[in-house]
Amino acid sequence: DAGVTQSPTHLIKTRGQHVTLRCSPISGHKSVSWYQQVLGQGPQFIFQYYEKEERGRGNFPDRFSARQFPNYSSELNVNALLLGDSALYLCASSFRDGNQPQHFGDGTRLSIL
Amino acid sequence: AQSVTQLDSHVSVSEGTPVLLRCNYSSSYSPSLFWYVQHPNKGLQLLLKYTSAATLVKGINGFEAEFKKSETSFHLTKPSAHMSDAAEYFCVVSERGFQKLVFGTGTRLLVSP
């Protein structure tokens with residue numbers, strides 16, 4: 001079975017641009033979460049979606065937004081990119097909400113020039 | 001608020017010797033605790049989780065962790081290190097019933113021949 005897939009794997013943008021990152025959860029998983037991992041640090045929670053509704057939001061500015069589609073895939077959008085947005089963006093999926101094991105993708109490496 | 005403190009940023013062991021990675025947690029509620037491993041340029045893999053059942057938790061690849069409420073600790077151990085164990089290890093806490101994971105800063109495990 002396919003795991004969590006994220007696209008693209010690498011991305012280079014310049015300051016002020018906009019970016020969309022995509023995530024396909026494991027088949028049958030209805031919850032998707034997004035995390036930002038800056039180099040040398042642990043991942044930080046950005047969003048969680050379950051059944052297409054936002055269930056949690058971390059301490060990130062409004063430049064960050066996300067949505068979940070009827071097929072449970074998800075997009076993370078970041079506007080007005082800053083140098084500090086350079087990071088590995090990780091997507092995790094789980095079967096349902098609550099304390100379910102979360103399965104992570106390999107991430108999208110975003111570099112801002 | 002929940003948090004975890006990983007007491008060592010780097011741990012070096014020789015192949016075949018025991019591994020100890022230390023983690024202390026802080027939580028206002030009964031926490032769920034996890035250990036994740038991250039190999040270079042990869043996503044996160046769940047090693048084990050504690051959710052209020054047995055205090056000694058066995059995970060994959062020979063790892064185990066013991067939940068000690070009196071010490072607010074959740075240390076990760078393995079009797080005998082293997083070269084393939086070299087990676088970054090994250091101690092993680094979440095509030096029971098919620099998906100948001102709070103990660104520690106990570107411990108890099110180095111294994112020498």
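Residues numbered from 1 in each chain as written. Chains lettered and ligands numbered in written order. Predicted model: local features only at pLDDT ≥ 70, side-chain atom pairs only at ≥ 80, totals over all residues. Heavy atoms only, no water.

### A look at the overall build of chain B
Keep this limit in mind: Helix and strand assignments follow DSSP, with helices taken as H or I runs no shorter than four residues and strands as E runs no shorter than two, numbered in order from the N terminus. Radius of gyration means the value over C-alpha atoms here, while the globule rule gives 2.2 Å times the residue count to the 0.38 power. Burial classes: relative accessible area under 20% of the type maximum marks a residue as buried, over 50% as exposed, and values in between as partly exposed (1.4 Å probe, protein chains only). It only takes one pair of heavy atoms within 4.5 Å for two residues to be counted as in contact. Areas reported as accessible are Shrake-Rupley estimates using a 1.4 Å probe. Residue values count occlusion only from the protein chains shown. Positive charges come from Lys and Arg, negative ones from Asp and Glu, while His and the chain ends are left out of the count. Charge placement uses NZ in Lys and CZ in Arg. For Asp and Glu, CG and CD serve respectively.
Scanning chain B from terminus to terminus reveals 0 helices and 12 strands. Relative to the globule expectation of 13 Å for 113 residues, the C-alpha radius of gyration of chain B, 13 Å, shows essentially globular dimensions. Viewed in the frame of its principal axes, chain B has a C-alpha envelope of about 40 × 30 × 20 Å. Counting every position in chain B, which comprises 113 residues, the buried fraction comes to 44%. Here the analysis covers contacts within chain B between residues at least 6 apart in sequence; of these, 56% occur between residues at least 24 apart. Entry remark: accessible area of chain B is about 5400 Å², with carbon and sulfur atoms responsible for 52%. One way to put it: in chain B the 10 positive side-chain charges average out to a point 6 Å from where the 8 negative ones average out.

### Regarding the pairing of strand 11 (residues 108-112) of chain A
Residues and elements named next belong to chain A. For clarity, the threshold we go by: Criterion used throughout: strands pair if DSSP finds at least two bridges between them.
Residue alternation in strand 11 divides its side chains into a buried set, Thr-108, Leu-110 and Ile-112, and an unburied set, Arg-109 and Ser-111. Strand direction decides the pairing type here: strand 2 (residues 10-13) and strand 11, joined by 4 bridges, are parallel. Within strand 11, the position partnered with His-10 by the bridge is Arg-109. As paired strands, strand 9 (residues 87-94) and strand 11 are joined by 3 bridges and run antiparallel to one another. Within strand 11, the position partnered with Ala-87 by the bridge is Leu-110.

### Quick notes on the packing of aromatic side chains
Residue and element names in this part refer to chain B. Counted only if it meets this: Think of it this way: a Phe, Tyr or Trp ring, Trp meaning its six-membered ring, pairs with another when their centres are within 6.5 Å, and the plane angle makes it stacked under 30 degrees, edge-to-face over 60, tilted otherwise.
In total, this model carries 14 aromatic pairs over all chains according to the counting rule given. Ring geometry for Tyr-36 and Phe-103: centres 6.1 Å apart, planes at 45 degrees, overall tilted. Residue Tyr-36 is found in strand 5 (residues 31-38), and its partner Phe-103 is found in strand 11 (residues 102-103); the two are separated by 67 residues along the sequence. The exposure class of Tyr-36 is buried, given its relative accessible area of 0%. A residue is classified by how much of its surface remains accessible, and Phe-103, at 8% relative accessible area, is buried.

### Points about the pattern of salt bridges
Residue and element names in this part refer to chain A. The condition that has to hold: Salt bridge, as used here, is a side-chain nitrogen of Lys or Arg placed within 4 Å of a carboxyl oxygen of Asp or Glu.
Counting across every chain of the model gives 11 salt bridges over all chains. The closest approach of N and O atoms between Lys-52 and Glu-51, which form a salt bridge, is 3.9 Å. Here Lys-52 falls in the partly exposed class, since its relative accessible area comes to 38%. Judged by its relative accessible area of 28%, Glu-51 is partly exposed. Glu-75 is the salt-bridge partner of Arg-67, the closest N and O atoms lying 3.3 Å from each other. On the basis of relative accessible area, Arg-67 is assigned to the partly exposed category, the value being 44%. One salt-bridge network, in which partners are shared between bridges, spans Arg-22, Arg-67 and Glu-75.

### Some details on the nonpolar core
As a reminder of what qualifies: Among buried residues, the Ala, Val, Leu, Ile, Met, Phe, Trp, Tyr and Cys ones that are joined through side-chain atoms within 4.5 Å form a nonpolar core.
Judged by nonpolar contacts, the single largest core of 27 residues is most densely connected at Trp-35, Leu-48, Leu-76 and Tyr-89 of chain B. With 21 residues, the next largest nonpolar core counts Val-19, Leu-21, Ala-66 and Ile-112 of chain A among its residues.

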